Structure formats: C-alpha cells, structure tokens
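# Understanding the architecture of this molecule
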Amino acid sequence: MVAVAGVRGLCLLEFARGAGQARGATAARVRRLGARAGGRPDRRAAAHLDQLARELRAYFTGRLTRFRVRLAPEGTLFQRSVWRRVRAIRYGSVSTYERVARAIGRAKAQRAVGRANGDNPLAIVVPCHRLVGADGALRGYGGGLWRKRRLLELEGALVRGGRWAASR
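Residues numbered from 1 in each chain as written. Predicted model: local features only at pLDDT ≥ 70, side-chain atom pairs only at ≥ 80, totals over all residues. Heavy atoms only, no water.

### Focus on unusual backbone geometry
For Ile 124, which is not glycine, the phi torsion reads 70° and is therefore positive. Take Ile 124: it is sitting in the loop between α5 (110–118) and β6 (131–132). Classification of Ile 124 as buried rests on a relative accessible area of 1%. (Helix = DSSP H or I, 4+ residues; strand = E, 2+ residues; numbered from the N terminus. Buried < 20%, exposed > 50% of the residue type's maximum accessible area, 1.4 Å probe, protein only.)

Okay, here's the thing in structure tokens:
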C-alpha cells in the first residue's frame, strides 16, 4: 500500500500496483501532496503514518474494527459527506449506494455517491469496500473486486444466497 500523511493527518492510502508501484492516479496524488508539503518530512506526519501502520496490523489480524488515525483527505464538500457516511458503516456490515445517498440527503444521487466512493483516497480506513449494489452484488473497487471480497470476508460480512446482505 502507498500512504501519505501531512501534519493534519492521513491524506492518502491506496493499493500499489506492484512492489512499491502506485497506480497512475495514485502516483500523481503522491506528487501533488508531496509538493504541497514542500517535500520535507515532518514528525507529526510521521506519527500519523506510525499510527496507521499499527492500526492496519491490528485490522488485518481482526483486533481493530474502527480506525482512529487522524484523517485529512482532499475532496469536495459532497465527496467528504459521502466519505463521512461510509465511515459510519459498521465493521462486518455492508450498505448500498442508494442508502448512502439517502443518508446524506441526496436520494437521487446514487451514481454521484458511487463516483465519490471511487474517488476515496483512503482505502480501508474509509471503508468504501463496504458498499455493494442494491441487489447485494459487488460493484467496482479500485483495489480490485477480489480485494473487496477478501476485506468483507475478513470482517465477517454476511452473505445470503450468494449476495452480500446490506444491514438496515
């Protein structure tokens, strides 16, 4: 994974393509965030990355269900409202794009919610993998559908009749 933090918190956490290689969009984000920070390391940013590493280890061993690392993602007001709502989806549960759209007061904006979810710069920490289609089918995931399935299985999300069951 590729992670970037600034003094205000974690800005980016995405899956790398291969050994230390980021996807094109991720590489561009890393360059932009680095330029904004002046390319200088900062102890506060390093502390956020250290906390993230501890929390990810705990998450992948089943000992953490909610991340506490401070977040500082870049995004529009709409995107940040989607990401806040997605963070509220409980560990081991799934929801739908439609439910998130309704929860943020934009009932007809399921596609926009999907787009904002796809633009999420904080994989796993903002658990965009917990969103499924209205029929319970897995839909797009920047890290690949196989990863989405594995993360949901790790969390013990419920499958009914071959479909992921959205919690009420």
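### Considerations on the nonpolar core
Leu 10, Val 82 and Val 125 are the most contacted members of the largest nonpolar core, which has 32 residues in total. Elements supplying a minimum of two residues to this core: β2 (9–14), α2 (43–60), α3 (77–87), α4 (97–103) and α5. Here this core gets five residues from one element, more than from any other, and that element is α2. Grouped together as the second largest cluster of nonpolar side chains are five residues, Val 94, Val 132, Leu 138 and Ala 157 included. (Core = buried A, V, L, I, M, F, W, Y, C linked by side-chain atoms within 4.5 Å.)

### Thoughts on the pattern of salt bridges
Across all of its chains, the model carries four salt bridges by this definition. In this structure, Arg 130 engages Glu 155 in a salt bridge whose closest nitrogen and oxygen atoms are separated by 2.8 Å. Separated by 25 residues along the polypeptide, Arg 130 in the loop between α5 and β6 and Glu 155 in helix α6 (residues 145–155) bring together distant segments of the chain. One exposure class covers both Arg 130 and Glu 155, and it is buried. A salt bridge links Arg 139 to Asp 135; the nearest nitrogen and oxygen atoms lie 3.2 Å apart. (Salt bridge = Lys/Arg side-chain N within 4 Å of Asp/Glu carboxyl O.)

### Examining the packing of α3 against α5
Put simply, α3 and α5 touch, their axes get as near as 9 Å, and they point 80° apart. Judged on the interaxial angle alone, α5 and α3 are roughly perpendicular. In this structure, α3 uses Phe 78, Gln 79, Val 82, Trp 83 and Val 86 to contact α5, whose residues at the interface are Ala 112, Val 113, Ala 116 and Asn 117. Taken together, the residues of the contact of α3 with α5 break down into seven nonpolar, two polar and no charged. (Axes fitted to C-alpha atoms, helices over the stretch in contact; angles between N-to-C directions. Parallel < 35°, antiparallel > 145°, perpendicular 65-115°, else oblique. Contact = heavy atoms within 4.5 Å. Nonpolar A, V, L, I, M, F, W, Y, C, P; charged D, E, K, R; others polar.)

### Thoughts on the pairing of strand β1 (residues 2–6)
A regular strand carries its side chains on alternate faces of the sheet. Burial within β1 is extensive, with four of its five residues counted as buried. Relative to β2, β1 runs antiparallel, the two being bridged by five bridges. The residue of β2 that forms the bridge with Val 4 is Leu 12. (Pairing = 2+ DSSP bridges.)

### Here's the deal with the confidence of the model for the protein chain
For the protein chain, per-residue confidence averages 86 on the pLDDT scale, and 80% of positions sit at 70 or higher. Model confidence for the protein chain, summarised as mean pLDDT per element, is weakest for strand β4 (residues 21–22) at 47 and strongest for α3 at 97. (pLDDT = per-residue confidence, 0-100.)

### Looking at the side chain of Thr 96
Inspection of the secondary structure assignment puts Thr 96 in strand β5 (residues 95–96). Here the side chain of Thr 96 touches Arg 99 through a polar contact of 3.1 Å, landing on its backbone nitrogen. (Polar contact = N/O pair within 3.5 Å; in protein donor to acceptor, adjacent residues only side chain to side chain.)

### Looking at the environment of Arg 147
Mapping Arg 147 onto the fold places it in helix α6. For the pair Arg 147 and His 129, spaced 18 residues apart in sequence, the C-alpha to C-alpha distance is 8.5 Å. Excluding residues that lie within four positions of it along the chain, Arg 147 makes contacts with Phe 15, Ala 16 and Tyr 141.

### Topic: the packing of aromatic side chains
All told, the structure shown has four aromatic pairs when counted by the stated rule. Ring geometry for Tyr 59 versus Phe 60: centroids 5.1 Å apart, planes at 80°, classification edge-to-face. Taking 5.5 Å as the distance between ring centres and 40° as the angle between the ring planes, the aromatic pair formed by Tyr 59 and Phe 67 counts as tilted. Clustering of aromatic rings is evident, with ring pairs tying together Tyr 59, Phe 60, Phe 67 and Tyr 91. (Phe/Tyr/Trp six-rings, centres within 6.5 Å; stacked < 30°, edge-to-face > 60°.)

### Notes on the pairing of β2
Summarising burial for β2: six of the six residues are buried, a large majority. The loop that links β1 with its antiparallel partner β2 comprises two residues.

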